[in-house]
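Structure at a glance
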Amino acid sequence: MNRVVVTGIGVASPVGLTLDRFWSAVVEGKSGIRPLTIVPPDRITTRIAAQIDDFDPLAHFDAKFANQLDRYSQFAVYAAREAMRDSGLVLSDQLALDTATIVGNGAAGQTTTEDSYYRLYAQNAARLHPLTIPRYMGSAAGSQVSIDLGLKGPGWTVTSACASGAHAIGQAFHLLRSGQAAVAVTGGTEACLTMGTIKGWEALRVLTADTCRPFSRTRSGMALGEGAAMFVLELREGAVKRGARIYAEVTGFGMSCDAVDLVAADPGGAARAMTAALRDARLAPADIDYLNAHGTGTVLNDKTESDAIRRTFGAAAGRLAVSSSKAVLGHSLGAAGAFEFAATALALHSRTIPPTANFQEPDPDCALDVVPNVARAAPLRHAMSNSFAFGGLNAVLVLSRA
Amino acid sequence: MEVAGDIKQVIAKELKIPVERLGDDTKLGDLGAESLDVIEIVFALEEKFDIDISVKMGPEPAAGNAAAAANDLSAFTTVGDICRAVQALVDAKAAK
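Residues numbered from 1 in each chain as written. Chains lettered and ligands numbered in written order. Predicted model: local features only at pLDDT ≥ 70, side-chain atom pairs only at ≥ 80, totals over all residues. Heavy atoms only, no water.

What to know about the overall build of chain B
Using the following cut-off: Runs of H or I in DSSP of at least four residues are treated as helices and runs of E of at least two as strands, each being numbered from the N terminus. Partly exposed describes any residue whose relative accessible area lies between the buried limit of under 20% and the exposed limit of over 50%, with all areas from a 1.4 Å probe on protein chains only and scaled to the type maximum. Contacts are assigned to residue pairs with any non-hydrogen atoms lying within 4.5 Å of each other. Shrake-Rupley sampling with a 1.4 Å probe provides the accessible areas, and residues are treated as covered by the protein chains on show and by no other component.
Scanning chain B from terminus to terminus reveals four helices and zero strands. Along chain B, helices and strands appear, N-terminal first, in the series α-α-α-α. The buried share of chain B, reckoned over its 96 residues, is 41%. In chain B, the share of contacts with a sequence separation of at least 24, taken over all contacts with a separation of at least 6, comes to 57%. Counting every atom, chain B has about 5500 Å² of accessible surface; 52% of that belongs to carbon and sulfur.

Put into structure tokens, the structure is as follows:
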């Protein structure tokens, strides 16, 4: 089987549009959760989100292209360009034919959908804009990435709610490992800060009113986020030959379904996905030095995930560093797994364990080393990134130092 | 009501070009317009004049299929084609 490495990372994140700004915020625990301003406040109670304030589409796309892109596609195309640039990879015509585009998103063009349906239902518009469908379709972001970068290999969109980004990266990893593509541009994207989506989340009663505090006894729910993280994955052989900078090697991918409940996660399902990822990577629990948790900051998720981690790692759980990046990045649903894959790859590359920010006090229900508030230097060998979705769809990736 | 001037303003705005470049015989394709651009122009004209323009995007209809050909996007090749079609619809609406 082929070995697969990460050579490029690009982000459009609530803590910055460059990889440097993203990583320094994650390491310093500087939260991107801020006052929500892109949705009018009159009909929602949510006042905070990890919102991207500084993304001007016209700074990145000409007016005609920007007009074709819903916000979720704008993030994806921007991040994919950044990842490609970061990788230093120049695609020959031949290599472009062998380059896959696998993007994950939980929802789709929510801004377009809501604006269009508001016109239709509330304003009785006689007609909708002709780009309504091309902008809001679920595979629009992936298509636009392939068009923008000229990627002509296999392409599709993966959707599994909050695990979409991780499932997409895992699928891209499988394609390369099995020889069906030589390069993949992959990751996750989401632009879910819209009136209808926020109302829906409010109805589920899982959003925090103050801020996201994963694993803290005082945690009060999740904060929504948005953005995209995209990657260039390459065959290790090709990357080494061209002298590419390698962030990390992708060594394992494990999946499972809880098959239990639509919204309450099951520790058994999460543990099965982690175990499958370890087996895929041919690693033992004690080989994993760092785990980037799903860690949403809801009372239930963090307890269930802690149970699942202890169940999977057994005695090795005692020396495992676990942190959640969602206090910094919010929960960007289909993009979350991709943001956290970036954090995990950068942790290995820089030998730094990012902290769980906003941490106040330990919770006996989450009795793990959650790296409260302060990053640590550590000689990391292998790391794991967890993504668990509503609907019980679990995706776990293992990365190893290159 | 003579609407050719307004139509040209709409087309120029959608294609982001000066209106002076639009003659009756100017082909939209020569202005860089692709099929989606033409569809957007159609939408803008429908909104502007509150009319329904029944053109379809897709491959050119088979020879002999006159009904389909009348509604084909390729019937909107020049600025003049659009002006005539829209003028007819605006006149029809006014006559109601």
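Points about helix α8 (residues 140–149) of chain A
For α8 of chain A, the complete set of buried residues consists of Ala140, Ala141, Gly142, Gln144 and Val145 of chain A. The positive-phi residue at the C-terminal boundary of α8 of chain A is Gly150 of chain A, with phi of around 70°.

A closer look at the interface of chain B and chain A
Put simply, the rule is: Buried area is calculated as the accessible area (1.4 Å probe) missing from two parts once they are joined, with the contributions of both summed. A pairing counts as a salt bridge when a side-chain nitrogen of Lys or Arg comes within 4 Å of a carboxyl oxygen of Asp or Glu. In the scheme used here, Gly and all other residues not listed as nonpolar or charged are polar, with Ala, Val, Leu, Ile, Met, Phe, Trp, Tyr, Cys and Pro taken as nonpolar and Asp, Glu, Lys and Arg as charged.
Residue-level contacts link 13 residues of chain B with 10 residues of chain A. The contact between chain B and chain A buries some 930 Å² in all, and 52% of this surface belongs to carbon and sulfur atoms. The largest per-residue losses of area from chain B upon contact with chain A belong to Leu36, Glu40 and Phe43 of chain B, which jointly make up 51% of the total buried on that side. Linking chain B with chain A are seven salt bridges, by the criterion used here. The salt bridge involving Asp50 of chain B is made with Arg127 of chain A; its shortest N-O contact spans 3.9 Å. A class-by-class count of the residues in the side of chain B that touches chain A yields four nonpolar, one polar and eight charged.

Considering the pattern of salt bridges
Scanning the entire structure with this criterion turns up 30 salt bridges over all chains. A salt bridge links Glu47 of chain B to Arg127 of chain A; its shortest N-O distance comes to 3.0 Å. Residue Glu47 of chain B is found in helix α2 (residues 35–49), and its partner Arg127 of chain A is found in the loop between α6 (110–122) and α7 (132–136); the two belong to separate chains. The class of Glu47 of chain B is partly exposed, set by a relative accessible area of 36%. For Arg127 of chain A, a relative accessible area of 10% puts it in the buried group. With a shortest N-O distance of 3.9 Å, Asp50 of chain B and Lys93 of chain B are connected by a salt bridge. In this pair, Asp50 of chain B is assigned in the loop between α2 and α3 (66–70) and Lys93 of chain B in helix α4 (residues 79–95), connecting sequence segments 43 residues apart. Three or more residues joined by partner-sharing salt bridges are found here, namely Arg119 and Arg127 of chain A together with Glu46, Glu47, Asp50, Asp52 and Lys93 of chain B.

Looking at the side chain of Asp37 of chain B
Along the polypeptide, Asp37 of chain B turns up in helix α2. Once you skip the residues sitting within four places of it in the chain, Asp37 of chain B turns out to touch Lys64 of chain A together with Leu15 and Gly32 of chain B.

Regarding the packing of helix α1 (residues 4–15) of chain B against α4 of chain B
All names here are of chain B. Definition in use: A fitted line through C-alpha atoms represents every axis, and for helices the fit uses only the stretch in contact; the resulting angles, taken between N-to-C directions, go from 0 to 180 degrees. We call two directions roughly parallel when the angle between them is under 35 degrees, roughly antiparallel when it is over 145, roughly perpendicular when it lies between 65 and 115, and oblique otherwise. Crossing handedness is defined as follows: a turn of the near helix away from the far one that is anticlockwise and smaller than a right angle gives a left-handed crossing, while the clockwise case is right-handed.
Contact geometry for α1 and α4: axes closest at 10 Å, N-to-C directions at 125°. With respect to α4, the axis of α1 lies oblique. Both α1 and α4 take part in a crossing whose hand is right-handed. On α4, the residues that touch Ala4, Ile7, Lys8 and Ile11 of α1 are Val79, Ile82, Cys83, Val86 and Gln87. Here the residues of the contact of α1 with α4 are counted per class, giving seven nonpolar, one polar and one charged.

A short note on the confidence of the model for chain B
The test is simple: Values of pLDDT, ranging from 0 to 100, describe the predictor's confidence in every residue of the model.
The share of residues in chain B with pLDDT of 70 or more is 83%, and the mean pLDDT across the chain is 85. At the low end of the mean pLDDT range in chain B sits α3 of chain B, at 60; at the high end sits α1 of chain B, at 93.

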